[in-house]
Amino acid sequence: MMLVTDNPVQYENIVHVVDPDASVGEALSMLLQIYSIAVRTYADAEMFLAAYATEKMHHGCLFVESELPGLSGLSLLRELRAQGFSLPSIVLTSGATSEFRHQAFRSGAIEVLEKPLMNTFLLERLAQLLPDTVSLGAQPLSTLELGDGSRVKFRVMRPEDAEIEQAFVRGLSKMSNRLRFFSAIKELSPEVLERFTNPRYPDSYALIATVRDGDKERQIGVARYLPTKSNGVAEFAIVVADEWQGRGIATYLLGALTAAAAVAGIKCLEGLVLNENESMLRLARALGFSVTRCKEDATVFRVAKLLGSPEELIFNN
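Since the model is a prediction, treat every value here as computed from it, not as a measurement.

What counts, and where the lines are drawn
Residues numbered from 1 in each chain as written. Predicted model: local features only at pLDDT ≥ 70, side-chain atom pairs only at ≥ 80, totals over all residues. Heavy atoms only, no water. Phe/Tyr/Trp six-rings, centres within 6.5 Å; stacked < 30°, edge-to-face > 60°. Helix = DSSP H or I, 4+ residues; strand = E, 2+ residues; numbered from the N terminus. Buried < 20%, exposed > 50% of the residue type's maximum accessible area, 1.4 Å probe, protein only. Lys NZ or Arg CZ within 6 Å of the ring centre and 35° of its normal. Contact = heavy atoms within 4.5 Å. Pairing = 2+ DSSP bridges. Salt bridge = Lys/Arg side-chain N within 4 Å of Asp/Glu carboxyl O. Axes fitted to C-alpha atoms, helices over the stretch in contact; angles between N-to-C directions.

Enquirer: Help me out: how do you make sense of the packing of aromatic side chains in this one?
Expert: Given two aromatic rings, one states the distance between the centres and the angle between the planes to describe the pair. Taken as a whole and judged by the stated rule, the model has 7 aromatic pairs. Judged by centre distance (5.3 Å) and plane angle (80 degrees), the ring pair of tyrosine 52 and phenylalanine 85 falls under edge-to-face. Residue tyrosine 52 is located in helix α2 (residues 45-54), and its partner phenylalanine 85 is located in the loop between α3 (73-82) and β5 (89-93); the two are separated by 33 residues in the primary sequence. Accessibility assignment for this pair places tyrosine 52 and phenylalanine 85 in one class, buried. Ring plane angle 20 degrees and centroid distance 5.4 Å describe the contact between phenylalanine 154 and tyrosine 252, whose orientation is recorded as stacked. Taken as a pair, phenylalanine 154 in strand β8 (residues 151-156) and tyrosine 252 in helix α9 (residues 249-263) lie far apart in primary sequence, 98 residues in all. The exposure classification of phenylalanine 154 matches that of tyrosine 252, with both residues buried. Counting every residue linked through ring pairs, the aromatic cluster contains Tyr42, Phe48, Tyr52 and Phe85. A cation sits over an aromatic face here: arginine 224 above phenylalanine 196, 3.9 Å from the ring centre.

Enquirer: I'm lost on helix α6 (residues 162-171) in this one. Help?
Expert: Think of an α-helix as 3.6 residues a turn; residues three or four steps apart then line up on the same face. What α6 keeps buried is the set Ile164, Glu165, Gln166, Phe168 and Val169. Residues of α6 that are buried in the fold lie against β8, α7 (174-181), α8 (190-196), β9 (205-213), β10 (216-227) and β11 (233-240).

Enquirer: Just checking my understanding: could you explain the pairing of strand β13 (residues 290-293) for this structure?
Expert: Looking along a regular strand, one sees the side chains alternate between the two faces of the sheet. The sheet contact formed by β13 and strand β14 (residues 300-306) spans 4 bridges and is antiparallel. Across the sheet, residue threonine 292 finds its bridge partner in β14, namely arginine 302. Hairpin geometry of β13 and β14 is characterised by an intervening segment of 6 residues between the two adjacent antiparallel strands.

Enquirer: Just to check I follow, could you spell out the pattern of salt bridges for this structure?
Expert: Pairs can form between side chains of opposite charge once their charged atoms are near each other. Applying the stated criterion across every chain yields a total of 15 salt bridges. Among the ionic pairs, arginine 40 bridges to glutamate 55, the shortest N-O distance being 2.3 Å. One end of the pair, arginine 40, is in strand β3 (residues 38-42); the other, glutamate 55, is in the loop between α2 and β4 (61-65), with 15 residues separating them in the sequence. In the salt-bridge network here, residues are joined through shared partners; they are Lys153, Arg155, Asp161 and Glu217.

Enquirer: Looking at this structure, how should I read unusual backbone geometry?
Expert: Note: most peptide bonds trans; most residues except glycine with negative phi. In the segment running from tyrosine 201 into proline 202, the intervening peptide bond is cis, with an omega of 15 degrees. Position of proline 202 among the secondary structure elements: in the loop between α8 and β9. A positive phi angle, near 65 degrees, is found at phenylalanine 182, a position not held by glycine. Its location among the elements puts phenylalanine 182 in the loop between α7 and α8.

Enquirer: Whenever I open this one, the sheet that holds strand β12 (residues 268-274) confuses me. Can you help?
Expert: The strands that make up a sheet are held in pairs by hydrogen bonds between backbone atoms, and each pair lies either parallel or antiparallel. Pairing within the open sheet is mixed, and its 8 strands lie in the order β7-β8-β9-β10-β11-β12-β14-β13. A strand with exactly one partner marks an edge of an open sheet, and here the two such strands are β7 (142-145) and β13. Averaged over all pairs of adjacent strands, the angle between strand axes in this sheet comes to 25 degrees, irrespective of strand direction. Pairing of β8 with β9 involves 4 bridges; the strand directions are antiparallel. Within the sheet, the bridge partner assigned to arginine 155 lies in β9 and is isoleucine 208.

Enquirer: Would you mind going over the side chain of asparagine 177 with me for this structure?
Expert: With respect to the helices, strands and loops of the structure, asparagine 177 is situated in helix α7. Using a relative accessible area of 4% as the deciding quantity, one classes asparagine 177 as buried.

Enquirer: I tried to follow the pairing of strand β2 (residues 14-18) on my own but got confused; where do I start?
Expert: Among the 5 residues that make up β2, 5 are buried, leaving the element largely enclosed by the rest of the structure. Here β2 shows no split at all, with Ile14, His16 and Val18 on one side and Val15 and Val17 on the other all buried. One ladder, built from 5 bridges, connects β2 with β3; its direction is parallel. Its bridge partner being in β3, valine 15 is matched across the sheet by valine 39. Pairing of β2 with β4 involves 4 bridges; the strand directions are parallel. By the bridge assignment for β4, valine 17 is matched with phenylalanine 63.

Enquirer: I keep staring at the environment of glutamate 165 and nothing clicks. Help me out?
Expert: Looking at the secondary structure, you find glutamate 165 in helix α6. Owing to a relative accessible area of 1%, glutamate 165 belongs among the buried residues under this scheme. As a C-alpha pair, glutamate 165 and arginine 218 span 53 residues in sequence and 8.8 Å in three-dimensional space.

Next up, the structure:
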């Protein structure tokens, strides 16, 4: 086992990474040490189980590669669950089918994240934080190729995205606009636009999906979370442009958002969804979110996902 930090006991949260590819843990360490989050890496499941047998792990989260030498990633999760392991666990994979996601959730994972998206999350954020010391410009972008050959890029939202974010909101249909904002707004106010395009990770985060439109980049989707008044609870929202809906983009966005929230130490993601937004309710259920009708308003559902143990959430609130 390689300890990436010099003195991890000083950190409240520790991210454990079980992956034979050391670059994943190294990139996470570079990013998260800025936020006083430690990273420990393990080359295989057996090394992590040995560490878990001798150490108390009460804070942080676990990233585990699905394909490991020896015990597989999902087998590791099942063994940990049998031993009472309570940290949120995220499975990393090169490709995830619906059946694989179902098996991962049954094994105890809170999310399945495809590695290209994980790399985008790390590299984009590092490029923002360390532009003069880390050369990341040549790294491949995370893209999803659709059935018709269209290529969708996923990346972290940046302050200079204000123009394409505003154009994206203006281009939403009245229905999509209402389902997202619960009212028919024509555009974002300057204050809201400033807040949306300047996420302050780990407290807030935004991931966008874009396509090429001539020589320009056009935004076609966004997922973000923002802090709430409750400690450890973040409110999330997701919307995809009308002509791009139903093509898997929302699944990618919400999966990456959940992983970023877990890394950030968020204990619970929650959001409000109108009861007529059937596609969002189906997606939330498919990705392991609970769906309950709001007592205050029968036309609204609350969707939520615990990223930490219930005991931690109650204690923090």
